[in-house]
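# Remarks on the overall topology
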Amino acid sequence: MATYSHPIYDSSNYQNNRPQYKDALVDAILEYHLKNPEATTDLAVDVATGTGIFARQLQRGFKRVIGVDISEVMLRSARKVATQPPIEFVQSPAESLLFLESGSVDVVTVATGAHWFNIDGFIAEAKRVLKSTGTLVIFGYTGFASFVDYPQCDTMLKEFGLNDSKLGSYWDQGRDVLVEGYRDYHKALANGKWVDIFRRIYPNTIQGEPSAEFPPVVGDSPVVMDYSVNWRVLKNYWSTWSALATYHRDYPEREAFDQVLIREMMTAVGASNMDEPLNLEWEEVLIFCHPPQQSQAVKAN
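Residue numbers run consecutively from 1 along every chain, following the written order of its sequence. Local features in this predicted model are restricted to residues whose pLDDT is 70 or higher, and side-chain atom pairs enter the listing and the counts only when it is 80 or higher, whereas totals over whole chains, interfaces and linings include all residues. Only hydrogens and water are set aside when side-chain values are computed; all heavy atoms of the structure are taken into account.

### Notes on the overall build of the protein chain
By definition, any uninterrupted DSSP run of H or I lasting at least four residues is a helix, any uninterrupted run of E lasting at least two residues is a strand, and each is numbered from the N terminus. From N to C terminus, the protein chain includes 13 helices and 10 strands. Computation of the radius of gyration draws on C-alpha atoms alone. For the globule rule, the value is 2.2 Å times the number of residues to the power 0.38. In terms of overall size, the protein chain behaves like a compact globule, its C-alpha atoms giving a radius of gyration of 19 Å where 301 residues would be expected to give roughly 19 Å. With respect to the principal axes defined by its C-alpha atoms, the protein chain has extents near 55 × 40 × 30 Å. For the exposure calls, accessible area comes from a 1.4 Å probe over protein chains only, and a residue counts as buried if that area is under 20% of its type's maximum, exposed if over 50%, partly exposed in between. Counting the 301 residues in the protein chain, one finds 58% classified as buried.

Here it is in structure tokens:
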């Protein structure tokens with residue numbers, strides 16, 4: 001992902017202002033993975049690990065965790081956070097995990113990063129490295145949210161993030177894959193005969209969902225991320241967007257776009273306190289599946 005690999009990208013800002021994932025998400029992964037009594041928890045590999053946010057959360061469920069990212073800029077920040085035992089961080093593209101032996105990994109996770117991959121290339125590589133009892137977990141949040149108390153802000157946020165006259169043209173290729181709820185992954189996994197595919201979205205505001213061809217489960221509460229914010233925290237989160245970094249590399253003299261949006265939103269709703277708590281429902285998607293050679297016994301569970 002080109003922007004996050006750029007030498008001037010502020011990975012420490014990403015580390016400090018991106019949300020943590022729900023602790024219950026690791027429990028959900030383990031519950032799904034261990035449906036097969038032969039499954040083990042020796043090794044989890046977190047691909048597109050960024051600054052290692054989810055890799056560190058995985059440590060409580062697995063004996064060994066490896067974080068992988070194509071960006072050395074992001075990995076430098078990841079390595080600064082001490083863990084016990086230490087997490088191994090490896091620079092590598094997602095589609096070519098050559099440092100991993102075939103059939104050696106129990107669980108492969110991708111936390112809000114799979115949309116930057118070549119879908120078919122990554123799926124093939126995940127199939128190669130996973131054990132026959134393994135699990136692939138792909139999840140993420142779109143970055144958009146439903147403002148429960150200020151619904152007029154929903155449209156403002158999506159126009160800000162997706163309209164080509166604002167930030168839409170500044171995203172690296174692949175952003176639409178996440179915005180559309182990873183339907184392209186669901187389709188590719190189904191066509192590749194992956195087993196026990198489960199895709200869950202929350203809430204029902206994701207673009208084009210629920211899909212008739214590859215219908216997800218629509219959840220009634222978040223599983224991936226439940227991020228409590230105020231206007232100030234929300235602005236700081238937007239400052240981590242790769243599209244915003246690209247925009248301001250092109251137009252360094254312009255006012256920060258995230259500052260403009262916050263001001264316009266607060267004006268629209270009559271808010272004046274940057275520390276006012278906001279009631280948001282964040283768009284998220286979660287996919288669980290097993291590799292094609294998975295035993296039929298697991299399908300029956």
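There is more to say after this.
### Observations concerning helix α10 (residues 231–238)
Here α10 has its buried residues at Trp 231, Leu 234, Lys 235, Tyr 237 and Trp 238. The buried residues of α10 occupy an angular sector of 160° when projected down its axis, which confines them to one face. Between the side-chain oxygen of the N-cap and the backbone nitrogen of Arg 232 there are 3.0 Å, and the N-cap of α10 in question is Asn 230. What the arc describes is the spread of directions from the helix axis to the C-beta atoms. Between N or O atoms, a polar contact is any pair within 3.5 Å; within protein, one atom must be a potential hydrogen donor and the other a potential acceptor, and residues adjacent in sequence are included only when both atoms are from side chains.

### Remarks on helix α9 (residues 183–191)
For α9, every residue scored as buried is listed here: Arg 183, Tyr 185, His 186, Ala 188 and Leu 189. Contacts are residue-level and defined by heavy atoms, with any inter-residue pair within 4.5 Å sufficient. In this fold, the buried residues of α9 make contact with α6 (119–129), β5 (130–147), α8 (175–179), β6 (195–202) and β10 (280–290). Of the residues trailing α9, Lys 193 is marked for its positive phi of about 65°.

### Examining the packing of aromatic side chains
Think of it this way: a Phe, Tyr or Trp ring, Trp meaning its six-membered ring, pairs with another when their centres are within 6.5 Å, and the plane angle makes it stacked under 30 degrees, edge-to-face over 60, tilted otherwise. For the structure shown, the criterion picks out 24 aromatic pairs. With centroids separated by 6.2 Å and ring planes inclined at 50°, the aromatic side chains of Tyr 141 and Tyr 237 adopt a geometry described as tilted. Taken as a pair, Tyr 141 in strand β5 and Tyr 237 in helix α10 lie far apart in primary sequence, 96 residues in all. Like Tyr 141, the residue Tyr 237 is buried in the burial classification.

### Digging into the pattern of salt bridges
Basic side-chain nitrogens of Lys or Arg form a salt bridge, by our definition, when they fall within 4 Å of a carboxyl oxygen of Asp or Glu. Under the defined criterion, the tally for this structure stands at 17 salt bridges. Here Lys 235 ties to Asp 258 by a salt bridge, and the two come within 3.5 Å at their closest N and O atoms. Taken as a pair, Lys 235 in helix α10 and Asp 258 in helix α12 (residues 257–269) lie far apart in primary sequence, 23 residues in all. A network of salt bridges, in which partner residues are shared, links Asp 42, Lys 63, Asp 106 and Lys 131.

### A few points about the UniProt feature "domain: Methyltransferase type" (unreviewed entry) in the protein chain
UniProt positions are given in the numbering used here, feature names are shortened, and annotations may be inferred rather than shown by experiment. Under the feature "domain: Methyltransferase type" (unreviewed entry), the UniProt entry names residues 45–138. In residues 45–138, helix accounts for 27% and strand for 31%; the two terminal C-alpha atoms are 12 Å from one another.

### Some thoughts on the pairing of β5
Counting buried positions over the 18 residues of β5 gives 17, a clear majority of the element. Pairs of strands are assigned from DSSP output, requiring at least two bridges between the strands. Across six bridges, the pairing between strand β4 (residues 105–111) and β5 is parallel. In the strand pairing of β5, Thr 109 is matched with Val 137. The path from the first strand over the helix to the second decides the hand: if it runs clockwise while the strands point away from the viewer, the crossover is right-handed. In this fold, the crossover linking β4 to β5 by way of α6 has right-handed handedness. Relative to β10, β5 runs antiparallel, the two sharing nine bridges. Bridging from a neighbouring strand, Ser 146 pairs with Glu 281 of β10.

### Remarks on the side chain of Arg 183
Positionally, Arg 183 belongs in helix α9. Within the structure, Arg 183 has its side chain in polar contact with the backbone oxygen of Glu 180 (distance 2.9 Å). One polar contact links the side chain of Arg 183 to the main-chain carbonyl oxygen of Gln 207, over a distance of 3.0 Å. In this structure, Arg 183 is in contact with Arg 199, Gln 207, Gly 208, Glu 209 and Ser 211, ignoring residues within four places of it in sequence.

### Digging into the sheet that holds β5
Taken in spatial order, the eight strands of this open sheet run β3-β2-β1-β4-β5-β10-β6-β7, and their pairing is mixed. Where the open sheet ends on each side, the last strands, each with one partner, are β3 (88–91) and β7 (217–218). Taken together, the four bridges between strand β2 (residues 64–69) and β3 define a ladder with parallel strand orientation. Residue pairing in the sheet places Gly 67 in a bridge with Phe 89 of β3. For helices, the axis comes from a line fit to the C-alpha atoms of the stretch in contact; other axes are also lines fit to C-alpha atoms, and the angle between any two N-to-C directions lies between 0 and 180 degrees. Against the sheet, helix α5 (residues 72–79) contacts β2 and β3, and its axis sits at roughly 170° relative to β3.

### Let's talk about the environment of Val 224
Relative to the elements of secondary structure, Val 224 occurs in the loop between β7 and β8 (229–230). Val 224 sits in the buried class, given a relative accessible area of 1%. Each C-alpha atom, one on Val 224 and one on Trp 282, is 9.5 Å from the other, the two residues being 58 residues apart in sequence. Sequence-distant contacts of Val 224, that is, excluding residues within four places in its chain, are made with Tyr 21, Lys 22, Leu 25, Phe 139, Gly 140, Glu 284, Val 285 and Leu 286.

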